Amino acid sequence: MGFIITSIKLIIISILAVFYYPLNTAFLYFQKHYRAWEKEDRVSFILATPLYYLLFLVTSVLGLPLEMMGEAFHPGLGGFR
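These remarks concern the structure in this document. This is a predicted model, so every value here is computed, not measured. (Residues numbered from 1 in each chain as written. Predicted model: local features only at pLDDT ≥ 70, side-chain atom pairs only at ≥ 80, totals over all residues. Heavy atoms only, no water.)

### So, the packing of aromatic side chains
Here is step 1: In the structure shown here, the tally under the stated rule is eight aromatic pairs.
Here is step 2: Measuring from centroid to centroid gives 6.1 Å for phenylalanine 30 and tryptophan 37, while their planes differ by 80°, and the two rings are edge-to-face.
Here is step 3: Ring pairing ties together the aromatic residues Phe27, Phe30, Tyr34, Trp37, Phe45, Tyr52, Tyr53 and Phe56, which thus form one cluster. (Phe/Tyr/Trp six-rings, centres within 6.5 Å; stacked < 30°, edge-to-face > 60°.)

Pasting the structure below:
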């Protein structure tokens, strides 16, 4: 029974990671340009703000359970704190 639950957890983590990685990569790429627009092009900055915060929200919502499940699946070593 423990093997089945572990397998299901691993499958859920894998599915979340498949969606999270491209979204996080797109968010980081967009963030680089978004921060530059704040200083250089104010109109593009204002127009891109809703998309930026939408990507931030989606990335955060997917990243939080992925991080919690990943840490629970493979806890850190107690001696390295």
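### Side note on the packing of helix H1 (residues 2–40) against helix H2 (residues 42–73)
Here is step 1: Between H1 and H2, the least distance of the axes is 7 Å, while the angle of their chain directions is 155°. On the basis of their axis angle, the class for H1 and H2 is roughly antiparallel. Crossing of H1 against H2: the hand is left-handed.
Here is step 2: Residue composition of the contact of H1 with H2, grouped by class: 24 nonpolar, eight polar and five charged. (Axes fitted to C-alpha atoms, helices over the stretch in contact; angles between N-to-C directions. Helix = DSSP H or I, 4+ residues; strand = E, 2+ residues; numbered from the N terminus. Parallel < 35°, antiparallel > 145°, perpendicular 65-115°, else oblique. Left-handed = near helix turned anticlockwise from the far one by under 90°. Nonpolar A, V, L, I, M, F, W, Y, C, P; charged D, E, K, R; others polar.)

### Concerning the nonpolar core
Here is step 1: Listed in full, the seven residues of the largest apolar core are Phe27, Phe30, Tyr34, Phe45, Ala48, Tyr52 and Leu55.
Here is step 2: Of all the secondary-structure elements, those providing two or more residues to this core are H1 and H2.
Here is step 3: Ranked by residue count, the leading element in this core is H2, at four residues.
Here is step 4: Among all residues touching phenylalanine 45, those that are not within four sequence positions of it are Tyr34, Trp37 and Glu38. (Core = buried A, V, L, I, M, F, W, Y, C linked by side-chain atoms within 4.5 Å. Buried < 20%, exposed > 50% of the residue type's maximum accessible area, 1.4 Å probe, protein only. Contact = heavy atoms within 4.5 Å.)

### Structural notes on a nonpolar patch on the surface
Here is step 1: The grouping of Met1, Phe3, Ile4, Ile5, Ile8 and Ile12 at the surface amounts to a nonpolar patch, some 670 Å² of accessible area in total.
Here is step 2: As for its placement among the helices and strands, isoleucine 12 is situated in helix H1.
Here is step 3: Of the residues examined, isoleucine 12 reaches a relative accessible area of 37% and is grouped as partly exposed. (Patch = residues over 30% accessible without salt bridge, like charges linked within 9 Å, V, L, I, M, F, W, Y side chains within 5 Å. Areas by Shrake-Rupley, 256 points an atom, 1.4 Å probe, with all protein chains shown as cover. Salt bridge = Lys/Arg side-chain N within 4 Å of Asp/Glu carboxyl O.)

### Comments concerning H2
Spacing of three or four residues puts side chains on the same side of an α-helix, whose turn is 3.6 residues.
Here is step 1: Between the first and last C-alpha of H2 there are 44 Å, a value that for 32 residues agrees with the 46 Å anticipated at 1.5 Å per step.
Here is step 2: Maximum bend of H2: about 45°, positioned at alanine 48, with proline proline 50 one to four residues after it.
Here is step 3: Along H2, the residues classified as buried are Phe45, Ala48, Tyr52, Leu55, Thr59, Leu62, Gly63 and Leu66.
Here is step 4: Where H2 is buried, its residues contact H1. (Expected span 1.5 Å × (residues − 1). Bend = angle between axes of the 7 residues up to and from the residue.)

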